[in-house]
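So you can see what is in the structure, the chains are spelled out below.
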Amino acid sequence: MTHRPLEMKKSLDERCNRILRNMEGALTARDRVGVQDLVLLDAHTSESAVLDNLRKRFHESLIYTYIGTLLVSLNPYRDLDIYSKKQMDTYMGVNFFELPPHIYALADNVFRTMLSEVNNHFILISGESGAGKTEASKKVLQFYAVSCPSTRILDNVRDRLLLSNPVLEAFGNAKTLKNDNSSRFGKYMDIQFDHQGGAVGGHILSYLLEKSRVVHQNHGERNFHIFYQLVAGGEDELLRWLGLDRNCQNYSYLVQGDCAKVSSINDKSQWRTVRNAFSGIEFSEKDVENLFAIIASVLHLGNVKFESDPLGNAILHDNNPELHWLSKLLGIPTRVLQQGLTHRKIEANMEEVFSPFSVEHAVYARDALAKAVYGRTFDWLVNKINEALVNKDSSRKTVIGLLDIYGFEVFHVNSFEQFCINYCNEKLQQLFIRLTLKSEQEEYQMEGIEWEPVPFFNNKIICDLVEEKHKGIISILDEECLRPGEATDLTFLEKLEEKIGGHPHFVTHKLADQKTRKTLQRGDFRLLHYAGEVTYCVVGFLDKNNDLLYRNVKEVMRQSKNAIVQHCFPSTEPDSKKRPETVVTQFKSSLVGLTDILMCKEPWYVRCIKPNDSKQPGRFDDVLVRHQVKYLGLMEHLRVRRAGFAYRRKYEIFLERYKPLCPDTWPNWPGPAAEGVLCLINHLGYRPNEYKMGRTKIFIRHPRTLFATEDAFQICKHELATRIQAKYKGYRAKGDYLKQREAATKIENCWRGMMARKEREKRAWAVKVIRRFIKGFMTRNQPACGDNTQYLAFVRYSYLTRLRDKLPRTLLDKNSWPTPPPVLQEASKLLQKLYVRHMVRKYVGGITAQMKSQLQCKALTSSMFKGKKDNYPLTVCRPFLDTRINEADINLKVLQTIRHEGIKYGVPVVKYDRNGFRPRLRQLVLTQTAVYLLEDTKIKQRIHYSVSVSNLSDNFLVVHVAYDEVNHKGDLILQCDFLFEALTKLSLITNKQNSINVVQGSVRFDIQPGREGFVDFRSGGESMIYRSKNGRLMVVRMTSGGPFVFVCAHSYGGRISKYKRYASFPRNPPQTRCQDDLRHNILIRLPGSLNV
Ligand SMILES: Nc1ncnc2c1ncn2[C@@H]1O[C@H](COP(=O)(O)OP(=O)(O)OP(=O)(O)O)[C@@H](O)[C@H]1O
Ligand SMILES: [Mg+2]
C-alpha cells in the first residue's frame, strides 16, 4: 500500500518519532514522582499502589494525576503557583500527555475535541464536600476565559460567565463543617461556543438548594454567605433603609451555628465583589434593591417572635418592629402580614375560616415562609443570570457543560438532604457506569474485539431501591407525605421496613442482625450505597419532603409590591387544593432531566479527593483517601482503561481526519473506510499490539499512539493548508487575470472604436478636402469663387514652394524653370525675369577681371562661330588660355627676332603641305603685328591673312595669304586643337573679325599664286584626313549635329571600367583624383541619344 516515495515516509516517521520521543521523555522525567497516569502503574489492580502513587505526588505538590483522560485532583488546601496566565499559555493547544497533568490540560483537550469533532461535551466534577469541585470548575472557566478567542461581544459573555460565580456562591454557598465555602446546591453550567471556539452564551441549572439552612444551621456552620456579606459590607445608608444593624448576633437566623465570624472568610470584600458582579451581569439598581429587601426581610422574619394568648394561640402585636420592617420591605400591609403569620385559612363547608396558629405552628409557618422566599428568590436569581448569558444567535453551537454537584455525603447524623445528595451521586455513578464501564464493554463486544470482562459493581440495584415506582424509598416517602391520617417519620420507617425490608442494601434497627443493630438507632435506616454505608435518621423526612407553605401565606406574598416577590409568587400558581409535588419527587425529576442532558454529550471526568478532614495543607489521610478512591470508582475506571483501549473512533471519522497522512488515502479513499484506515495505519507504521480493528471502529490502545498521529496530522495540516492556499491564490489570480484580460479587451475595443471613429472622421475630412480639391481643380480656370479659392491658393502655394526648391542654378539653365499653372502664368514670368536679373546681378558681381576678358573672348568667339560651325558648342565650356606655348618653348633665336613685336599667343598646329598634304608640326605665334608659323628655329612664314574654316566640327583652318606678301608661297592648311581659341585670339589681336570666314562645303586655297587647291570637309562615321582621289584634302569628321550624348567614362589602364551618359554637357562631370597614371575620367561626345 505504501507507494509513496521513501523520503516522505522517512520524514514523517522522523516527525512521529520526534514527537514520541518528546512525549516519552517528558513522561520519564515526571515518573520520578510516581506516575502521572495511573494507567502506567504496574500494579494497577492494587488500591494501595494507587494510594501510594497519589500520596507521593501529593507530597510533591503534584495534585493532579490521570487515569487515561480522567483527572484525579487532590485538594492541596493551599495556593499553588500553577494557575497563572503563563501556565494557561503553556497548556493551551498542547497535547494531553505532553505536559504534567493539569485541570488546564483537560479543559484544553475538551475544548479542542469539541472544536475538531463539532460535538457536545460535559465535564463531571465530583467528589465529597470540600474536595475542590467548585474550585476546579472555576479553574476551567478561567482557562476558557483566557484561551477562547476574544472579541468585544465574546468578552462580554465571558465576563458574565465569570461574574455569575461570585453571585451564585454568595446566595448558594455557606460555611459547613466540611468546607468554608460549601456549595449548597448542585450546579450545571452550559458554556456555548461558536464554531471558532468563542464563548457566545451560557445557561445554568441549579439543583436542590439546601433551603433548610436559611432557618437552621448546625453548630459550626453558617447561613448562606449573602446574609453575612450584607450585614458586614452593606453601606450604612442601605442598612438603615433595610432596617438592619451591622451585627450578625442580632439575627437569630445567623447565630445558630455560633460562628458568624470566620477568619477564613472576608465578608466585607466579598460584598464588594458581589455588588460589582451585579452591575456586570446587568442587574438594574431596582432589582438589586428588591433583592436586598428580600434578604433583609428574611432576617427580619427570623427575628419575629410570637406571643401566646391564654388559649395558646400565637399573637403578633401591631407595633412589632419586625412586622413593620417586613411590611415596608416586602410592600405588604402590616395587617395582612400579621394575619398571614398567625392564622391559617381553612375551607369548611364552602366557607373560608381563619384558624389561629399555636406559637409552635406559627414559628413553623414563619420558617417555611423564610425558606420559600429565599428558595424562590434563588431560582429567580439563576433565571436572571441566565437571561444575561443567553446567546441571541440561533446558529448551531457546541457546548461544554460543567457539572459541579455535591459529592457523596456521610455525616454523623444524616438527614433528608444527605439522602437526596447521595441518591444524586448514585444516579451519577449510574451515568458513569452507563457511559464508561458498561458501554465500553458493550462496545467491545459489539465491535467483536476480544475483551476480558472487568468486574464492577453496578449500582442500579441501589438506584432502583430508591426510585422504583411504588416500591422505591421515594415512592414510599411520597405516599406517607400524601396519605390522609397521622403520618409521621416513624410510620414512614415502618412502611420502609414493610415494603423493602428484604432488600440487601437496606437495613434498619429492627431488620438488622445483632451486630449491626448496635450501630443503628431505632429511628434510623441504613443504605448500602455503592460508595459505602450511610445511616439516615428519619426525623424530619416527611416535613422536609412536604416543604409546606400554607396557601394563605402564598396569598399574602402575592400582594407584595416587591417585583421579585411578585415574580416568585405568581398569581398563576395553581391554587388548588391539590398538593404540589414533593421535594424529593421534584429532585428526582430534575435528576432525570440532568441525566438526559448528560447522556447526549461526551463525558470527561474530574474526580476531586479531599486529603484530610481538617483542611490542612500537606496532610494525607490514607483512610479518608482510600475511601474516596473507592467510592469515586477510580479502581474500576483504571481497570477498564488498562484492559481496554484508550481511543476508538468510527472508521469513517478516523479516516476523514487522518487521511491526509497517507498519499493513498488522500484526498479520497475509494474503497470501504475500514480498508482505508488499515492502509493509513500501515503507512504510519502502527505496531500490531497498538491497535485493533473492530467491526465499525478502530481501537487504539495507548493515547501516545493517537497523539503521535494527531501531531503528525497537525504538521501535515499546515502543509495542506499551504497547498490549498496556493490553489486558492492561483484561482484568485486566474480570476483577476481573466478580469484584467476582459478589461484589457474592453479598453482595446474602446480604443479601436475611438481610433476607427477618428479615422472615419479623418477620411470624411479627406473626402471633403479631395472633393473641394477636385471642384477647385474643375473650376480652376473660372474667376475666383468659393469653389476654387482654396484650390487656387493651394496651387499658388505648391507652385511657389516647388519653384523655391527648383530654381535654376545657372543663367544658362533656361529649361528648368517649373511650368506655372495658368493662374500664375503672369506671376511666373515676372518672377522668372526678376530671378534672371538677380542671377545676372549675382553673376556679374562675382566676375573677376580675368573672367571678364575670358568672357569677352568667348563673346567674340560666339559672335564669330555660333550657329556657324558645328563644334562651336564644345568650346563654350573650355576656358581659353593666354597661350598654349610659353616663350620658353619658342626657339630662342626665333624669339629674339619676334619678341619686340610683343608675342600675344602661341599654339601648336599641324601644317599640311599644300601639295602632298603631309602633316608637319609647327608653332603658330601671334604678335601684335603678325602671325608667324614657326618650325623649330625657323620662321617659316610671316603672314598677313584672312582665314577660312569649315562649318563642320573639324579643327582645320585655311590661312589665306595676301598676294602682296613678299614670300607668298600659297595659303596655309593648318590643323589646330585649339581652333576657336586661336582664331578668337587672332581676331582680337588683329581686330579683324571679318577676315574669318566660315565656309560651307569646300575651302579653296592657293597652292601658289594662281594655282588653287581645295580642302573638302565631310561628316562621317570616323575622323579621317586623307588626300582624296581628286587631289583634294579630305577631312572627315565624326558626324556632327544630330543627336549625340556625352559619355563620362572611367578608364583604368586603358580599359573603360564604368561610364555614365548625359544628354547635355555635364555641368559637374565626375572627377577622379588620379592616384597613378593609369586611372582617369574621360568625357567624350558620341553620336546617338540617351535612349540608345
Ligand atoms: N486547587 C486548589 N488549590 C488551592 N485550594 C483549593 C483547591 N481546591 C480546593 N481548594 C480549597 O478547598 C476549599 C474547598 O473547595 P471547594 O469549595 O471547591 O469544594 P467543593 O468540592 O466544591 O465542596 P462542596 O461540595 O462543599 O461545595 C476551597 O475553598 C479552597 O480553600
Ligand atoms: Mg462546591
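Under the annotation held in an unreviewed UniProt entry, the chain carries the name Myosin IHb and is attributed to Muraenolepis orangiensis. The UniProt entry for the chain carries the following text under Sequence similarities (unreviewed entry): "Belongs to the TRAFAC class myosin-kinesin ATPase superfamily. Myosin family."

**Student:** Can you tell me about the overall build of the chain, naming the residues and giving the values?
**Tutor:** Scanning the chain from terminus to terminus reveals 34 helices and 34 strands. Counting every position in the chain, which comprises 1092 residues, the buried fraction comes to 49%. Here the analysis covers contacts within the chain between residues at least 6 apart in sequence; of these, 64% occur between residues at least 24 apart. For the chain, the exposed surface amounts to about 55300 Å²; the carbon and sulfur share of it is 53%.

**Student:** Tell me about the coordination of the magnesium ion (ligand 2), and name the residues and values.
**Tutor:** Those protein atoms acting as donors to the magnesium ion (ligand 2) are Thr134 (OG1) and Ser183 (OG), and they sit at 1.8 to 2.1 Å. On the criterion of sequence distance, the pair formed by Thr134 in helix H5 (residues 133-147) and Ser183 in strand S5 (residues 182-183) is long-range, its members being 49 residues apart. Each member of the pair, Thr134 together with Ser183, is buried.

**Student:** Please set out the pattern of salt bridges residue by residue, giving values where relevant.
**Tutor:** The full count for this structure, using the stated rule, is 54 salt bridges. Salt-bridge contacts for Asp52 lead to Arg55; the nearest nitrogen and oxygen are separated by 3.0 Å. With Asp52 and Arg55 both in helix H2 (residues 47-59) and three residues apart, this pair spans about one turn of that helix. Since its relative accessible area comes to 35%, Asp52 is described here as partly exposed. Note that Arg160 and Glu282 form a salt bridge whose closest N and O atoms lie 2.7 Å from each other. Note that Arg160 is positioned in helix H6 (residues 152-172) and Glu282 in the loop between helix H10 (267-280) and helix H11 (285-302), a separation of 122 residues in sequence. Several salt bridges share partner residues, and in doing so they unite Arg184, Glu210, Arg213, Glu221 and Glu409 into one network.

**Student:** Tell me about the packing of H10 against H11, and please be specific about residues and values.
**Tutor:** Between H10 and H11, whose axes approach to 10 Å, the crossing angle comes to 140°. Judged on the interaxial angle alone, H11 and H10 are oblique. The segment H10 lies against H11, with Trp271, Arg275 and Phe278 engaging Glu285, Val288, Leu291 and Phe292. Residues that form the contact of H10 with H11 fall into these classes: five nonpolar, no polar and two charged.

**Student:** A description of unusual backbone geometry should follow, citing residues and the corresponding values.
**Tutor:** Here the residue pair Trp666 and Pro667 is connected by a cis peptide bond, since its omega of 0° sits within 30 degrees of zero. Looking at the element boundaries, Pro667 is found in the loop between helix H26 (651-658) and helix H27 (673-684). Here the phi dihedral of Phe917 falls at roughly 60°; this positive angle occurs in a residue that is not glycine. Within the secondary structure layout, Phe917 lies in the loop between strand S20 (903-912) and strand S21 (919-927).

**Student:** Could you give me a rundown of a nonpolar patch on the surface, with the residues and numbers involved?
**Tutor:** Together, Ile770, Phe773, Ile774, Phe777, Met778 and Phe794 make up a nonpolar patch on the protein surface, roughly 590 Å² of accessible area in all. The element best represented in the nonpolar patch is helix H28 (residues 703-778), accounting for five residues. As for its placement among the helices and strands, Ile770 is situated in helix H28.

**Student:** Please provide a residue-by-residue account of the side chain of Asp404, values included.
**Tutor:** With respect to the helices, strands and loops of the structure, Asp404 is situated in strand S12 (residues 398-404). Despite its burial, Asp404 pairs with no opposite charge, the nearest such side chain being Lys133 at 5.2 Å. A distance of 2.8 Å separates a polar atom in the side chain of Asp404 from a polar atom in the side chain of Thr134.

**Student:** Can you lay out a positive patch on the surface for me, pointing to particular residues and giving the numbers?
**Tutor:** On the surface, Lys829, Lys833, Arg837 and Arg841 cluster together into a patch of positive charge. With respect to the helices, strands and loops of the structure, Arg841 is situated in helix H30 (residues 825-845). Classification of Arg841 by relative accessible area gives exposed; the value is 57%.

**Student:** Can you lay out the confidence of the model for the chain for me, pointing to particular residues and giving the numbers?
**Tutor:** Looking at the chain as a whole, the pLDDT averages 85, with 89% of positions reaching at least 70. pLDDT under 50 marks residues 1-31. Its contacts with residues more than four places away, or in other chains, come to 45 contacts. Across residues 1072-1078, where pLDDT falls below 50, the model places eight contacts with residues more than four positions away in sequence or in other chains.

**Student:** So, the site of ligand 1: which residues are in play, and what are the values?
**Tutor:** Ser129, Lys133, Thr134, Ser182 and Ser183 are the nearest of the 17 residues found near ligand 1. One of the side-chain nitrogen or oxygen atoms of Ser129 is found 2.6 Å away from an oxygen atom of ligand 1. Counting residues per element, the ones that place at least two in the shell around ligand 1 are H5 and S5. The element that contributes the greatest number of residues to the shell around ligand 1 is H5, accounting for three residues. Residues belonging to the shell around ligand 1 are distributed by class as follows: four nonpolar, nine polar and four charged.

**Student:** Residue-level account of the pairing of strand S16 (residues 602-609), with values.
**Tutor:** Across the eight residues that make up S16, a large majority, six, are buried. Pairing of strand S2 (residues 70-74) with S16 involves four bridges; the strand directions are parallel. The residue of S16 that forms the bridge with Val72 is Arg607. Sheet topology places strand S3 (residues 121-127) next to S16; seven bridges connect them, and they run parallel. Bridged to Ile123 within S16 is Trp604.

**Student:** Lay out the packing of aromatic side chains in plain terms, naming residues and giving numbers.
**Tutor:** Considering all chains together, one arrives at 42 aromatic pairs under this definition. Residues Phe171 and Phe278 carry aromatic rings whose centres are separated by 6.4 Å and whose planes lie at 70° to one another, so their mutual orientation is edge-to-face. Taken together, the residues Phe171 in helix H6 and Phe278 in helix H10 connect sequence positions 107 residues apart. By the burial criterion, Phe171 is buried, and Phe278 matches it. Taking the centre distance of 6.3 Å and the plane angle of 70° together, the rings of Phe956 and Phe1017 count as edge-to-face. With a gap of 61 residues between them, Phe956 in strand S25 (residues 956-961) and Phe1017 in strand S29 (residues 1011-1020) connect regions that are remote in the sequence. A relative accessible area of 1% means that Phe956 is categorised as buried. Ring-pair connections join several aromatic residues into one group, and the members of that group are Phe416, Phe419, Phe492, Phe506, Phe525, Tyr536 and Phe541. In this structure, Lys858 packs its charged tip against the face of Phe880, placed 4.0 Å from the ring centre. Above the ring of Phe1014, the side-chain terminus of Arg1032 is found at 4.2 Å from the ring centroid.

**Student:** Outline the nonpolar core, listing residues and values.
**Tutor:** Ranked by internal contacts, the top residues of the largest apolar core, which has 186 residues, are Ile123, Tyr144, Phe171, Phe227 and Phe525. Counting residues in each nonpolar core, the second largest holds 28 residues, with Leu926, Val959, Leu972 and Ile989 among its members.

**Student:** So what about the environment of Gln229? Which residues, and what values?
**Tutor:** Summarising the element assignment, Gln229 is placed in helix H8 (residues 225-233). With relative accessibility at 2%, the residue Gln229 sits in the buried group. Each C-alpha atom of the pair Gln229 and Ile265 lies 9.8 Å from the other, and the pair is 36 residues apart in sequence. Ignoring anything within four residues of it in the chain, the contact list for Gln229 reads Ala170, Gly234, Asp267, Gln270, Trp271 and Val274.

**Student:** Account for the pairing of strand S22 (residues 931-935), with residues named and values stated.
**Tutor:** Taking burial as the measure, the five residues of S22 include four buried ones, the bulk of the element. Relative to S22, S21 is paired through four bridges, and the arrangement is antiparallel. If you follow Leu924 over to S22, its bridge partner there is Leu933. Here S21 folds back onto S22, and the loop between the two strands holds three residues.

**Student:** Which residues make up the sheet that holds strand S19 (residues 697-700), and what are the values?
**Tutor:** Pairing in this open sheet of three strands is antiparallel, and the strands run S17-S19-S18 from one edge to the other. Edge strands, defined here as strands with exactly one partner in the open sheet, are strand S17 (647-650) and strand S18 (691-693). Adjacent strand axes in the sheet meet at a mean angle of 15°, parallel and antiparallel pairs treated alike. Summarising the sheet, S18 and S19 pair through three bridges and their orientation is antiparallel. By the bridge assignment, Lys692 is partnered in S19 with Phe699. Packed onto the sheet, H26 meets S17, S18 and S19 and runs at close to 95° relative to S17. Against the sheet, H27 contacts S18 and S19, and its axis sits at roughly 160° relative to S18.

**Student:** Tell me about the environment of Asn425, residues and numbers included.
**Tutor:** Within the secondary structure, Asn425 sits in helix H15 (residues 416-446). Once the C-alpha coordinates of Asn425 and Leu632 are considered, the two residues, 207 residues apart in sequence, prove to be 9.6 Å apart. Not counting residues within four places of it along the chain, the set of residues in contact with Asn425 comprises Tyr406, Gly407, Phe408 and Tyr530.

Calculation rules
Residues numbered from 1 in each chain as written. Chains lettered and ligands numbered in written order. Predicted model: local features only at pLDDT ≥ 70, side-chain atom pairs only at ≥ 80, totals over all residues. Heavy atoms only, no water. UniProt positions renumbered as here; feature names shortened; annotations may be inferred. Helix = DSSP H or I, 4+ residues; strand = E, 2+ residues; numbered from the N terminus. Buried < 20%, exposed > 50% of the residue type's maximum accessible area, 1.4 Å probe, protein only. Contact = heavy atoms within 4.5 Å. Areas by Shrake-Rupley, 256 points an atom, 1.4 Å probe, with all protein chains shown as cover. Donors = N, O, S within 2.8 Å, 3.2 Å for Na, K, Ca; no water. Salt bridge = Lys/Arg side-chain N within 4 Å of Asp/Glu carboxyl O. Axes fitted to C-alpha atoms, helices over the stretch in contact; angles between N-to-C directions. Parallel < 35°, antiparallel > 145°, perpendicular 65-115°, else oblique. Nonpolar A, V, L, I, M, F, W, Y, C, P; charged D, E, K, R; others polar. Patch = residues over 30% accessible without salt bridge, like charges linked within 9 Å, V, L, I, M, F, W, Y side chains within 5 Å. Lys, Arg positive; Asp, Glu negative; His and termini not counted. Polar contact = N/O pair within 3.5 Å; in protein donor to acceptor, adjacent residues only side chain to side chain. Charge placed at Lys NZ, Arg CZ, Asp CG, Glu CD. pLDDT = per-residue confidence, 0-100. Near = heavy atom within 4 Å. Pairing = 2+ DSSP bridges. Phe/Tyr/Trp six-rings, centres within 6.5 Å; stacked < 30°, edge-to-face > 60°. Lys NZ or Arg CZ within 6 Å of the ring centre and 35° of its normal. Core = buried A, V, L, I, M, F, W, Y, C linked by side-chain atoms within 4.5 Å.

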